[in-house]
Amino acid sequence: MSGMPAPSIPNLLTLRGSRGGSGARGRARGRGGTRSSGTTSTTSMPSHDATIQSTDTDAAVSRMSAVDLGYLEDQYAQFFVQAPAMGAAVRRLPIINRGTYTRTTALDRLIGSFLSATDGQARQIVSLGAGTDTRAFRLFNEESRAKLVYHELDFPAATARKHHLIRSTAALRAVIQKPESIDQTHTWRDEGLANGSQYWCHGIDLRDLSKPDATPLTGLRTDVPTLLLSECCLCYLEVTEASEVIKYFTDRISRLSFVVYEPVHPDDAFGKQMVSNLATRRIRMPTLEEYTDTGKQEARLRDAGFDSVHSLTIERIWEDWISPEEKERVHDLEGLDEVEEWNLLADHYSVSWGWRGIGLDAWRIGPS
Amino acid sequence: MSDLDKAIAQLRACRPIPEAQVREVCHKARELLIEEANVVTVTAPVTICGDIHGQFHDLMELFRVGGDPPDTNYLFMGDFVDRGFYSLESFLLLLCLKVRYPDRMTLIRGNHESRQITTVYGFYDECLRKYGSANVWRYCCDVFDYLALGAIVLGASNTLESANEATAREDVEIEVCNADGDAISHFGRRGKASNSDQGSPNGKTERIGPPGSGASGSSGGTVGNPAGAVLCVHGGLSPLIDTVDKIRLLDRKQEVPHEGAMCDLLWSDPDEIDGWGLSPRGAGFLFGADIVKMFNHRNDLSLIARAHQLVMEGFKEMFDASIVTVWSAPNYCYRCGNVAAVLELSEDSGGQGFFARSNGDVGRSDGGANRGVLLDSDEGARRGPARRYRVFQAAPQDSRGMPAKKPVADYFL
């Protein structure tokens, strides 16, 4: 379904005139050096793990599409997609772009509130299955985000690629200047970032974290307010494995918060089709079968030991969190004809968050 | 076998025809369409279909379920292209059938039959991919400009010949059939139809007198003329259009404009509101029950049939059955998990036209997975032509004859 229109394609709204609003705010596509990849990785992979790792490419391409069209601002997205052998950047469909926008905006706001609430003190973010995520770069780039210890965890192949990419890309090296490996491990880090921040990148299998003989995560602070983040990551683990990963952190860190982005509603017609379509890509989401709606996601977080919990679908977040002005801006970027399909799709993804020991009042009713 | 028949055979096998032949077919189609009025008159029996969106194998399934053209008289309400992988084959097949059997195939324009929309939603890319140039896309877009904006169906019967019993049942207004042609539910006019009739799950009570007779408090008399015609249009109504005649006066031979009456007919949606509202699509309007009832009353219509909106059950009647959405793309975008439907209106063999049989508020249903949605409110009784909905699912995967690449839908991973 990934469309591949040429950059010359006219915007749906440019000719609409007054009714569509201001229009033409989308950034020009195909700027020099920002072209993104056309590979959504359809090669057959030998294992479930490899298949899951390929979902990261999917996410990076979707992010690039949303950035290219002006949904999101992310000066680092371009470095995490491969330059196409030929042709132009992948342009996702409007509903996918809107979904990428809504998910990113929701997580940005929750993370922003966490950082504001812990301003002035050392604090920590642990991002599970971070892959090619650009969030760390965006945060380090902001003056106000001082004393932030940022950990990313992913398979060694993914973290090695990221290491290589940062060393070979000037714009990334401007943020993380001395990405140095730790001997005998798949971990590399830069402990001397500006503003007293640190970046750690751990090449591990999350399922090994809780093994008795596992080496503890180097550099993990257990004494500072921490946000644990799973953006479509734990959903690929078995239910007990996912719980073990969460437990690894709840056992060690008292002032802990958790944000998890995952699909929900596998049992209606759309959800059944989603499960079946993902199966043809050899993707399984065990936690989707267990935590089937936002209520069960909240219960999951409560059971994991978080005092306060909330969960909303992406559809609700789009409706309730995005201001009318911002909705209009986003709509004006491309227009969105497929309203019914958007409602269906957005109803099948959720953001859930819980916390304990941190004064996160801004998380209570959802930031607005 | 003529060249046209060969082209039809080739397209039926889901194989594109050469560019030169596309050009020729498009030219012929334009000559044909230029003679059609903005609102085409179609005589029942007719099978009315909603969005197809390039789901070629599901279009074949539709023909299997609804009957092959030209044996079945078809009316397609637009959105032939975009989203699916076979917009080209789907549209060209329908167009060839139109040229071959002009009186048995009616095509009206959807909002995706537009240059701008097809560049965003896939048809442009597909043409480029399959022919290496945009020529075929241009030929097709030139045809789009000549497609009619709507159709009026005349002479539809208000009785159904039951699919199961082959006997006319005057008390049945709506029959829903599965893909094998078996009736799976009936909805009667008087509420005293046979056992297979669905009850009234909402517990609504019957009304007393005929609508508009003053024998009841029902305001159903404004719904429309039960002996009236059926208007078919892709999207819906426009605040600039209060009579069908005004549609006839539009200059349609152009790209779909971004606003105005022609745009609204292709973009608008019915909604549970009073009067008119802004559309979340950014084009067209939302319109409420009062608008539909007024329009039907003024224009002697019994029903408006339209497409444009995905409905999970394949069809959805609204506003006391004064308007119905028909959706004919099962498992839309290979992702939505919905069923599809076509609407059959049968011929009025008795030559008596419709007459008001109904005076009861009966046979209500909230629908079901395979029964579609019959969303009547308290107002008025169900009426209008007898309607048979044939509900069908996506063609089986193995019938698609897909090459190695499976249709994979996008998700957020």
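Just so we're clear, the structure is a prediction, and the values are computed from it rather than from any experiment. (Residues numbered from 1 in each chain as written. Chains lettered and ligands numbered in written order. Predicted model: local features only at pLDDT ≥ 70, side-chain atom pairs only at ≥ 80, totals over all residues.)

Draft legend 1. Examining the overall build of chain B more closely. When you go through chain B residue by residue, the secondary structure sums to ten helices and 19 strands. Classification of the 413 residues of chain B by burial places 59% in the buried group. Of the contacts formed within chain B by residues at least 6 apart in sequence, a portion of 73% connects residues at least 24 apart. (Helix = DSSP H or I, 4+ residues; strand = E, 2+ residues; numbered from the N terminus. Buried ≥ 20, exposed ≤ 12 C-beta atoms within 10 Å, placed from the backbone. Contact = placed C-beta atoms within 7 Å.)

Draft legend 2. Here's a closer look at the UniProt feature "domain: Serine/threonine specific protein phosphatases" (unreviewed entry) in chain B. UniProt annotation of "domain: Serine/threonine specific protein phosphatases" (unreviewed entry) refers to residues 108–113 of chain B when read in the numbering used here. Overall, residues 108–113 of chain B shows 0% helix and 0% strand. The separation of its end C-alpha atoms is 10 Å. (UniProt positions renumbered as here; feature names shortened; annotations may be inferred.)

Draft legend 3. Seen up close, the environment of L115(A). All names here are of chain A. Tracing the sequence through the fold places L115 in helix 2 (residues 94–117). The class of L115 is partly exposed, set by 19 C-beta atoms lying within 10 Å. Sequence-wise, L115 and S144 are 29 residues apart; in three dimensions their C-alpha atoms are separated by 8.9 Å. Filtering out sequence-adjacent residues up to four positions away, L115 remains in contact with R123 and R145.

Draft legend 4. Inspection of the sheet that holds strand 11 (residues 269–270) of chain B at higher detail. All names here are of chain B. Taken together, the three strands give an open sheet; going across it, the order is 11-13-12, and neighbouring strands pair in mixed fashion. Each edge of the sheet is formed by a strand with only one pairing partner; in this case those strands are strand 11 and strand 12 (276–278). Note that strand 11 and strand 13 (residues 285–287) share two bridges and pair parallel. Looking at strand 13, one finds that D269 is bridged to L286. (Pairing = 2+ DSSP bridges.)

Draft legend 5. How the structure looks around the confidence of the model for chain B. All names here are of chain B. Here chain B averages 84 in pLDDT, and 77% of its residues register 70 or above. The low-confidence segment residues 352–371 (pLDDT under 50) makes 71 contacts with residues lying over four places distant or belonging to another chain. Contacts from residues 377–382, a stretch scored under 50 in pLDDT, to residues over four places away or in other chains number 27 contacts. For this predicted complex, the interface confidence score (ipTM) comes to 0.79, while the overall pTM stands at 0.82. (pLDDT = per-residue confidence, 0-100.)

Draft legend 6. Quick peek at helix 4 (residues 87–100) of chain B. Between its first and last C-alpha, helix 4 of chain B extends 20 Å over 14 residues, near the 20 Å set by a 1.5 Å rise per residue. For helix 4 of chain B, the buried fraction is high: 13 of the 14 residues fall into the buried class. (Expected span 1.5 Å × (residues − 1).)

Draft legend 7. Local environment of the environment of L286(B). Note on placement: L286(B) falls in strand 13. Ignoring sequence-local partners within four residues, the contact set of L286(B) consists of S268(B), D269(B), D271(B), I273(B), W276(B), G277(B), L278(B) and S279(B).

Draft legend 8. View of the sheet that holds strand 3 (residues 74–76) of chain B. All names here are of chain B. A sheet is described by the order of its strands in space; here seven strands give the open sequence 4-3-2-17-19-8-9, paired in mixed fashion. Strands at the two margins of the open sheet, each flanked by one partner only, are strand 4 (105–107) and strand 9 (183–188). Averaged over all neighbouring strand pairs, the angle between strand axes comes to 20°, with direction disregarded. Pairing of strand 8 (residues 172–177) with strand 19 (residues 387–392) involves four bridges; the strand directions are parallel. Note on strand 19: the bridge partner recorded for C177 is R390. Contacting strand 2 (46–49), strand 17 (340–345) and strand 19, helix 3 (residues 56–66) crosses the sheet at an angle of about 135° to strand 19. (Axes fitted to C-alpha atoms, helices over the stretch in contact; angles between N-to-C directions.)

Draft legend 9. Just the UniProt feature "binding site: S-adenosyl-L-methionine" (unreviewed entry) in chain A, in detail. Residue and element names in this part refer to chain A. The UniProt entry lists R103, G129, D205, L206 and E231 under the feature "binding site: S-adenosyl-L-methionine" (unreviewed entry), expressed in the numbering used here. With the annotated positions falling across 129 residues, the maximum pairwise C-alpha distance of 25.0 Å shows that they are not confined to a single cluster. Among the structural elements, D205 can be located in the loop between strand 5 (198–203) and strand 6 (226–231). Structurally, E231 can be placed in strand 6. C-beta crowding within 10 Å serves as the criterion here: with 24 such atoms nearby, E231 is assigned to the buried category.

Draft legend 10. Highlighting the pairing of strand 19 of chain B. Residue and element names in this part refer to chain B. The element strand 19 is extensively covered by neighbouring structure, given that six of its six residues are classed as buried. Along strand 19, one buried face is formed by R387, Y389 and V391 and the opposite face, lined by R388, R390 and F392, is buried too. When strand 17 meets strand 19, the two strands line up antiparallel, connected through six bridges. The residue bridging V342 from the neighbouring strand is R390, located in strand 19.

Draft legend 11. Fine view of the UniProt feature "active site" (unreviewed entry) in chain B. Mapped onto this numbering, the UniProt entry gives "active site" (unreviewed entry) at H112(B). Topologically, H112(B) is positioned in the loop between strand 4 and helix 5 (115–121).

Draft legend 12. Expanded view of helix 9 (residues 294–303) of chain A. Residue and element names in this part refer to chain A. All buried positions along helix 9 are accounted for by Q297, E298, R300 and L301. On an axial view of helix 9, the arc spanned by its buried residues comes to 155°, and they lie on one face. Summarising the geometry of helix 9, the exposed residues directed more than 90 degrees from the buried face are G295 and D303. Where helix 9 is buried, its residues meet strand 7 (256–263), strand 8 (308–313) and strand 9 (349–356). Just beyond helix 9, the residue with positive phi is G305, at close to 110°. (Arc of directions from axis to C-beta.)

Draft legend 13. Fine view of the nonpolar core. Formed by 212 residues in total, the largest nonpolar core has its most connected members in I48(B), C232(B) and V326(B). Beyond its immediate sequence surroundings of up to four residues, I48(B) is in contact with L75(B), M77(B), C232(B), A305(B), V326(B), V342(B), L343(B) and L345(B). (Core = buried A, V, L, I, M, F, W, Y, C linked by C-beta atoms within 7 Å.)

Draft legend 14. Inspection of unusual backbone geometry at higher detail. Here the amide bond leading from A44(B) into P45(B) is cis, since omega sits at 5°, within 30 degrees of zero. Topologically, P45(B) is positioned in the loop between strand 1 (39–43) and strand 2. Going from P69(B) to P70(B), the amide bond is cis rather than trans, its omega being 5°. The phi angle at H265(A) is positive, at roughly 60°, despite the residue not being glycine. On the secondary structure map, H265(A) appears in the loop between strand 7 and helix 7 (269–280). When the 19 C-beta atoms within 10 Å are taken as the criterion, H265(A) is described as partly exposed.

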